[in-house]
Amino acid sequence: MTKVLLEVCQGSACSEVSSGELLRCLQAGSGSRQGQQGTELQVVGTWCQGRCAIGPNLRINGRPLSVSGPSDARLVLDLALEHEPQAG
Ligand code: FES
């Protein structure tokens, strides 16, 4: 099974732009999409990822991504499932 790790910044700057809600949306959404396309999603929070001015920030298998907020959770899950496979 392919594994994809989503790391959502929970540092102070990203938290001010709803990264906590983004993390919760991704965790909730990943639960219903586990196993799709043979992919296992893991969603975790992290400390500051060093890109505070353009958050909320996350990484998909180590690749940095900035989004507009929790409303992009579905898009992030689509990207994670469709474009970021990593041998696991
Ligand atoms: S607080 Fe999120 S990148 Fe710094």
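Residues numbered from 1 in each chain as written. Predicted model: local features only at pLDDT ≥ 70, side-chain atom pairs only at ≥ 80, totals over all residues.

Leu6, Val8, Leu26 and Val76 are the most contacted members of the largest nonpolar core, which has 18 residues in total. Contributing elements (two or more residues each) for this core: β1 (2-9), α2 (19-33), β2 (39-46) and α3 (73-83). Excluding residues that lie within four positions of it along the chain, valine 76 makes contacts with Leu6, Leu26, Leu58 and Val67. (Core = buried A, V, L, I, M, F, W, Y, C linked by C-beta atoms within 7 Å. Buried ≥ 20, exposed ≤ 12 C-beta atoms within 10 Å, placed from the backbone. Helix = DSSP H or I, 4+ residues; strand = E, 2+ residues; numbered from the N terminus. Contact = placed C-beta atoms within 7 Å.)

Bringing the environment of glutamate 40 into the picture now. Summarising the element assignment, glutamate 40 is placed in strand β2. Separated by 39 residues in the primary sequence, glutamate 40 and methionine 1 place their C-alpha atoms 6.7 Å from one another.

A separate point is the confidence of the model for the protein chain. Averaged over every residue, the pLDDT of the protein chain is 90; the share at 70 or more is 89%. With pLDDT under 50 throughout, residues 84-88 is counted as low confidence; its partners more than four residues away or in other chains account for 14 contacts. (pLDDT = per-residue confidence, 0-100.)

The subject of this paragraph is the sheet that holds strand β4 (residues 63-66). Paired through backbone hydrogen bonds, the strands of a sheet run either parallel or antiparallel to each other. Taking strand neighbours across the sheet as the criterion, the four strands line up as β2-β1-β3-β4 in an open arrangement whose pairing is mixed. Strand pairing shows two members of the sheet lacking a second neighbour, β2 and β4, which therefore form its edges. On average, each strand axis in the sheet is tilted by 25° relative to the strand beside it, whichever way the strands run. Examined bridge by bridge, strand β3 (residues 57-60) and β4 share four bridges and lie antiparallel to one another. Residue pairing across strands places isoleucine 60 opposite arginine 63, the latter belonging to β4. Contacting β1 and β2, α2 runs over the sheet at an angle of about 165° to β2. (Pairing = 2+ DSSP bridges. Axes fitted to C-alpha atoms, helices over the stretch in contact; angles between N-to-C directions.)

Moving on, we come to the pairing of β2. Covered by surrounding structure in β2 are Thr39, Leu41, Val43 and Gly45 only, the residues Glu40, Gln42, Val44 and Thr46 on the alternate face being uncovered. With eight bridges joining them, β1 and β2 adopt parallel strand pairing. By the bridge assignment for β2, valine 4 is matched with leucine 41.

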